[in-house]
Each structure stands twice: as structure tokens, then as C-alpha cells.
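Residue-level structural notes
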Amino acid sequence: MEACYSQGKFNATSYDVMAIVIVSLQTFAGMWINAFMTAVLCIAWLKKKTFNSNEKILLFLGCCRFCYLGFTWAYFFLSVIYPRNFFVHPIPQILSAIQSFLNFSNLWVSACLCVFYCIKIANFRHNFFIYLKGKIDRIMSWLFLGSVLFSLVNSIFVYNIIDETYCDNLNSTGRGNSWKLSIKMDEHFFPLFFLSGFGFAIAFMAVIISAFLLLFSLWRHKSKMQTNSGKNLSMDAHVKAMKSILSFSFIYSINFACLILTLIYATKEENPVDILVLVLQYAFPSVHSLILIFSNQKLEKTLCRTLSCGKCKVCMR
């Protein structure tokens, strides 16, 4: 993104303004959705005093995505409007590391949720799968911890790589701490691209494998129940989880493609799909959280009541 700047003033291009407006609308909608999910789960936690693995994952996802959307919006807005004040040591390294931690936490914990649905609902008679089903809460705690630790390690790696690259491209000024606004990508970034791509690929594979196993379990269960005309609770659980995971798999596939395109075009001066990638990446935390709300009976009922109350207040005015 380019903008023409004068001393103490800015003159953003029409492309910058359009991008800021679109991203702002998506961000505030996504923050409201995730704040709602987090608030409902916290209230339920205070009432019950207990939390299962599913609710823990949903709560962390809601908090993580709320922070991710708010932080990335502020990062994007300030970097476009005030780039000369923004790109000062060590602001780029710190903000990039925080953004990387939130992004990876969001992706990996989302993948953990798919794994949880697969183990919890799918029916397989293999001893190993039965063992996993019995230890699901402990397994999810370790997966959850591993996701956060991997995100933390990756963010530290991001900080070190960006710090090294920016220092190599340092443009000395009177104060000696202002950096070039256009940093050329060099060999320092390729280890970072490899690690990021590897992390995205592992999370993506976990989602696809979970979807495939759950779909296979649903097909086997449906074949067994063809002679039974009555409703089956296990079948309903399979179908509901399958809808959630398949819709998430589709959204996750689009987001994964966008992340790969971001890594590919990061080394090029021009990015022809920049605005499309930006819109889709900001849509992912909002759309998936909305799917999770409608997949959860408690969250869906609370949302409907909230919207109904809002409509009544508007009509009364």
C-alpha cells in the first residue's frame, strides 16, 4: 500500500481508504461476535463452576479472536496512516511477534476443536481410538498447551528474524532509530516462511483428517441405522458435528490458501490479490465463530434472545 506523506500530514490513496473501511467493518462485526460468545461462556462458567473441554476451547477461541481482530486492525490502521511514526525500532518486531502469536493460536486451537469433535463423536472400535475417547479431556489439555507453546516459539522466531532483517536494512538518520519504509525481502525471511508454512500445513492436515474420519464414521453409522425409522441421538450428533466441521473445513481451506498466497507474494513488490486476501483473512475468525454459535444450542438460543430484545427496543423507539 502506498501513500503520499508530507511533514506531519498524510494523504492516503483511495485504495488505502477502501481497504481501511472494509477491514474496519469486518473487524468490528467479528469482535462483536467473539465478544458475545466469550461473554455467554463466562456467565455459564460462573453459574456452573465447571467447564468441559469443548467450552474451554470455545472460550479461548473467542478471547483469542477478539484480541487478534482488534490488534491486527490497529496494526493495519496505524501502519497505513502513520508509517513514518510506526516503523521505529523496536515497534515492528514486537507487533509482528504478537500478531504471529495470536494468528497461530487461532489456527491451531481451531484445529484442536476439529480433533475434539472427531474423537468425541466418531464411532470406531479400534482399541487406540477407544483409549483416545476415554482420555479426551487430558489429551485436549496437552494439545491446547502444545498449540500455545508452538505459537509462542514461532512468535519469538518471528521477532528475531524481523529484527535481524531490519537491522541489516537500517537507514541511518539523525536519531539513528528510523527505518526504511520499504524493506527488501532477503534470505533471512525464508526460514520464517518455511516454519509458518509448515505450521499452517500441519493444522490444515489435522482439520482435513478429522473431517474425513467423522464423515466415514457417519457413513458407517447411517448404514447400520437404515432399518431403524426412528430418530437416533448419535446420528443427530454426527450430522451436527459434520455440518460444523465441513463448513469449517471449507473456510479453513480458503484461509490456508490466503496464508500461502501471503507468503508467496511477501517477496514481491506488487501483490495483485492483496485486497482479496485481506478480506478473506479477516472474515475467517468472524464466520467460523458464527458457525460455532449456531452449532451450539445454548449459544444459538442466547443469540436469538439477544437479537429479539434488540429488535423490540428498536421498535419501541
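For the structure, see preceding data.
The structure reproduced in this document is the subject of the present report.

1. Overview of a nonpolar patch on the surface
A cluster of nonpolar residues, Trp142, Leu145, Leu149, Leu152 and Ile156, forms a patch on the protein surface that exposes about 520 Å² of accessible area. Among the secondary structure elements, Trp142 is positioned in helix 6 (residues 136-168). Exposure remark for Trp142: the relative accessible area of 60% places this residue in the exposed category.

2. A closer look at the pattern of salt bridges
Under the counting rule described, the total for this entry stands at two salt bridges. Salt-bridge contacts for Glu55 lead to Lys48; the nearest nitrogen and oxygen are separated by 3.0 Å. Take Glu55: its relative accessible area is 8%, and that puts it in the buried class. For Lys48, a relative accessible area of 39% puts it in the partly exposed group. In this structure, the salt-bridge partner of Glu55 is Lys298, at a minimum N-O distance of 3.7 Å. Highlighted residues: Glu55 in helix 2 (residues 53-81) and Lys298 in helix 10 (residues 297-316), separated in sequence by 243 residues. Owing to a relative accessible area of 37%, Lys298 belongs among the partly exposed residues under this scheme. Through salt bridges that share partners, Lys48, Glu55 and Lys298 make up one connected network.

3. Observations concerning the nonpolar core
What tends to happen in soluble globular proteins is that the nonpolar side chains get buried as a cluster. Grouped together as the largest cluster of nonpolar side chains are 31 residues, with contacts concentrated most on Ile57, Leu113, Leu292 and Ile293. Of all the elements, helix 4 (residues 91-121) adds the most residues to this core, at eight residues. If near-sequence neighbours (up to four positions away) are discounted, Leu113 is found in contact with Asn54, Ile57, Leu58, Leu61, His288 and Leu292.

4. Regarding the environment of Phe36
You can see Phe36 is positioned in helix 1 (residues 14-48). Apart from the residues within four sequence positions on either side, Phe36 is in contact with Ile293, Leu299, Thr302, Leu303 and Thr306.

5. Overview of the packing of aromatic side chains
In total, this model carries nine aromatic pairs according to the counting rule given. With centroids separated by 4.7 Å and ring planes inclined at 80°, the aromatic side chains of Phe60 and Phe144 adopt a geometry described as edge-to-face. With a gap of 84 residues between them, Phe60 in helix 2 and Phe144 in helix 6 connect regions that are remote in the sequence. On the basis of relative accessibility, which here comes to 26%, the residue Phe144 falls in the partly exposed class. An aromatic cluster of three or more residues is present, and its members are Phe104, Trp108, Phe150 and Phe200.

Conventions adopted
- Residues numbered from 1 in each chain as written.
- Predicted model: local features only at pLDDT ≥ 70, side-chain atom pairs only at ≥ 80, totals over all residues.
- Heavy atoms only, no water.
- Patch = residues over 30% accessible without salt bridge, like charges linked within 9 Å, V, L, I, M, F, W, Y side chains within 5 Å.
- Areas by Shrake-Rupley, 256 points an atom, 1.4 Å probe, with all protein chains shown as cover.
- Salt bridge = Lys/Arg side-chain N within 4 Å of Asp/Glu carboxyl O.
- Helix = DSSP H or I, 4+ residues; strand = E, 2+ residues; numbered from the N terminus.
- Buried < 20%, exposed > 50% of the residue type's maximum accessible area, 1.4 Å probe, protein only.
- Core = buried A, V, L, I, M, F, W, Y, C linked by side-chain atoms within 4.5 Å.
- Contact = heavy atoms within 4.5 Å.
- Phe/Tyr/Trp six-rings, centres within 6.5 Å; stacked < 30°, edge-to-face > 60°.

Keep in mind that these numbers describe shape and distance, not what the molecule does.
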